[in-house]
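Structure assessment
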Amino acid sequence: MAVRIIGWNVNGLRACVKKGFLEFLEASDADVVCLQEVRALPEQLEPHVRSPEGWYASFSAAERKGYSGVAVFSRKPPDRVETALGIDEYDVEGRLLIAHFGRMAIASVYFPKGSGTERDNSRVPYKLGFYARVFERIERLRRRGPVFVLGDYNTAHTEIDLARPKTNNKTSGFLPEERAELGRWLDGGWVDTFRKRHPGEPGHYTWWRQWGGARENNVGWRIDYVLASPSANQMVTDAFIWPDVTGSDHCPVGVDVAREF
């Protein structure tokens, strides 16, 4: 019996619901769905969205309305949920939710963009600081059991992970220091589950600009990942990207896991 775990940056859950999110939830055959960029407080969601029949939903919202926010929808209730790193400058943005199911931990994480409001890469230090704090937290978790970290990492790791690497080497999301930080995670034993099973394959992206025919022409970036601790990766039977699922400028990513749920 496999468990399916999916991650998706929905670019606003209320908007995604209008584009078929609840239908996707049922058709996905998922056991756990981790959302990023929810951009709504739980009380702003319709009851059937906040608590769909047959699902348990947990939320971590930003203090600022209409901004950031993550969630985990699961077929069984988590044993417990964490939503804070204990550092105010990160916790106010609602970027982390860790759901615990027995010894397994599943994290939904929305990593910050580094570009800043002026597109001057001014938020890169904040982004890298958040990466470091999340890394510290999940390193502790992996000592207890398998850990999956699903999210919009807002970083393409290597040139194969975006369509136009040469013109983006000074763009946040593909800066050397951002790529190096993600590389540090992988060097530390965390496994990029999709790339592990599809090494060297170009053209696999998870985000496309919403203009200029980017999605139609597959001019995109792979910035959404399922990273797994070594013990979690051993249970993965498949890792996938679903570019044909619309409703957001990102598409879902996920893994199938050989485990009872």
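Everything numeric in this text was worked out from a predicted model, so none of it was measured.

**Structural notes on the environment of Val-226**
- Tracing the backbone shows Val-226 in strand S12 (residues 224-228).
- Overall, Val-226 belongs to the buried group, its relative accessible area being 4%.
- A C-alpha to C-alpha distance of 23 Å links Val-226 and Asn-168, two positions 58 residues apart in sequence.
- Excluding residues within four positions of it along the chain, Val-226 makes contact with Phe-148, Val-149, Leu-150, Val-191, Asp-192, Thr-193, Val-253, Gly-254 and Val-255.

**What to know about the packing of aromatic side chains**
- A complete count under the given rule lists 18 aromatic pairs for this structure.
- For the pair Phe-111 and Tyr-153, a centre-to-centre distance of 4.4 Å together with 20° between the ring planes defines the contact as stacked. One end of the pair, Phe-111, is in the loop between strand S7 (104-110) and helix H5 (124-141); the other, Tyr-153, is in the loop between strand S8 (147-152) and helix H6 (176-187), with 42 residues separating them in the sequence.
- Look at Phe-111 and you get buried, because its relative accessible area is 0%.
- A relative accessible area of 0% means that Tyr-153 is categorised as buried.
- An aromatic cluster is defined as three or more aromatic residues linked by ring pairs; in this entry it consists of Tyr-90, Phe-111, Tyr-126, Phe-130, Tyr-131, Phe-135, Tyr-153, Trp-185 and Tyr-225.
- Positioned above the aromatic ring of Tyr-67, the side-chain terminus of Arg-64 is 4.1 Å from the ring centre.

**What to know about the pattern of salt bridges**
- For the structure shown, the criterion picks out 15 salt bridges.
- The residue Glu-37 makes a salt bridge to Arg-39 at a minimum N-O spacing of 3.1 Å.
- Its relative accessible area of 11% is what places Glu-37 among the buried residues.
- Two residues, Glu-82 and Arg-137, come together in a salt bridge whose shortest N-O distance is 2.8 Å. Taken together, the residues Glu-82 in strand S5 (residues 80-82) and Arg-137 in helix H5 connect sequence positions 55 residues apart.

**Section: the environment of Ala-57**
- Residue placement: Ala-57 occurs in strand S3 (residues 56-60).
- Residue Ala-57 is classed as partly exposed on the basis of its relative accessible area of 27%.
- Separated by 34 residues in the primary sequence, Ala-57 and Asp-91 place their C-alpha atoms 19 Å from one another.
- Aside from chain neighbours lying at most four places away, what touches Ala-57 is Arg-50, Val-72 and Phe-73.

**Re the sheet that holds S5**
- Ordered in space as S5-S6-S7-S8-S12-S9, the 6 strands form an open sheet in which the pairing is mixed. If you trace the sheet from one side to the other, it starts and ends with S5 and strand S9 (191-192), each paired once.
- With 6 bridges joining them, S7 and S8 adopt parallel strand pairing. From the neighbouring strand, Ser-108 faces S8, where its bridge partner is Leu-150.
- Relative to S7, H5 is tilted by about 175°, and along the sheet it contacts S5, strand S6 (96-101), S7 and S8.
- Contacting S9 and S12, H6 runs over the sheet at an angle of about 30° to S12.

**Brief notes about the packing of H5 against H6**
- One can describe the packing of H5 onto H6 by two numbers: an axis separation of 11 Å at closest approach and a directional angle of 5°. With respect to their mutual orientation, H5 and H6 come out roughly parallel. On the side of H5, the interface is formed by Val-124, Lys-127, Leu-128, Tyr-131, Ala-132, Val-134, Phe-135 and Ile-138, while H6 contributes Glu-177, Glu-178, Glu-181, Leu-182, Arg-184 and Trp-185.

**A few points about the sheet that holds strand S4 (residues 70-74)**
- Taken in spatial order, the 6 strands of this open sheet run S3-S4-S2-S1-S14-S13, and their pairing is mixed. Bordering the open sheet on either side are S3 and strand S13 (236-241), each of which pairs with just one other strand. For this sheet, the mean inter-axis angle between neighbouring strands, taken without regard to orientation, is 15°.
- With 6 bridges joining them, strand S1 (residues 2-9) and strand S14 (residues 253-258) adopt antiparallel strand pairing. Note that in S14 the partner of Gly-7 across the bridge is Val-253.

**Re the nonpolar core**
- Grouped together as the largest cluster of nonpolar side chains are 29 residues, with contacts concentrated most on Ile-5, Val-32, Ile-106, Phe-148, Leu-150, Val-255 and Val-257.
- Sequence-distant contacts of Val-255, defined by excluding residues within four places in its chain, comprise Val-3, Arg-4, Ile-5, Phe-148, Thr-193, Val-226, Val-236, Asp-238, Ala-239 and Phe-240.

Parameters and conventions
Residues numbered from 1 in each chain as written. Predicted model: local features only at pLDDT ≥ 70, side-chain atom pairs only at ≥ 80, totals over all residues. Heavy atoms only, no water. Helix = DSSP H or I, 4+ residues; strand = E, 2+ residues; numbered from the N terminus. Buried < 20%, exposed > 50% of the residue type's maximum accessible area, 1.4 Å probe, protein only. Contact = heavy atoms within 4.5 Å. Phe/Tyr/Trp six-rings, centres within 6.5 Å; stacked < 30°, edge-to-face > 60°. Lys NZ or Arg CZ within 6 Å of the ring centre and 35° of its normal. Salt bridge = Lys/Arg side-chain N within 4 Å of Asp/Glu carboxyl O. Pairing = 2+ DSSP bridges. Axes fitted to C-alpha atoms, helices over the stretch in contact; angles between N-to-C directions. Parallel < 35°, antiparallel > 145°, perpendicular 65-115°, else oblique. Core = buried A, V, L, I, M, F, W, Y, C linked by side-chain atoms within 4.5 Å.

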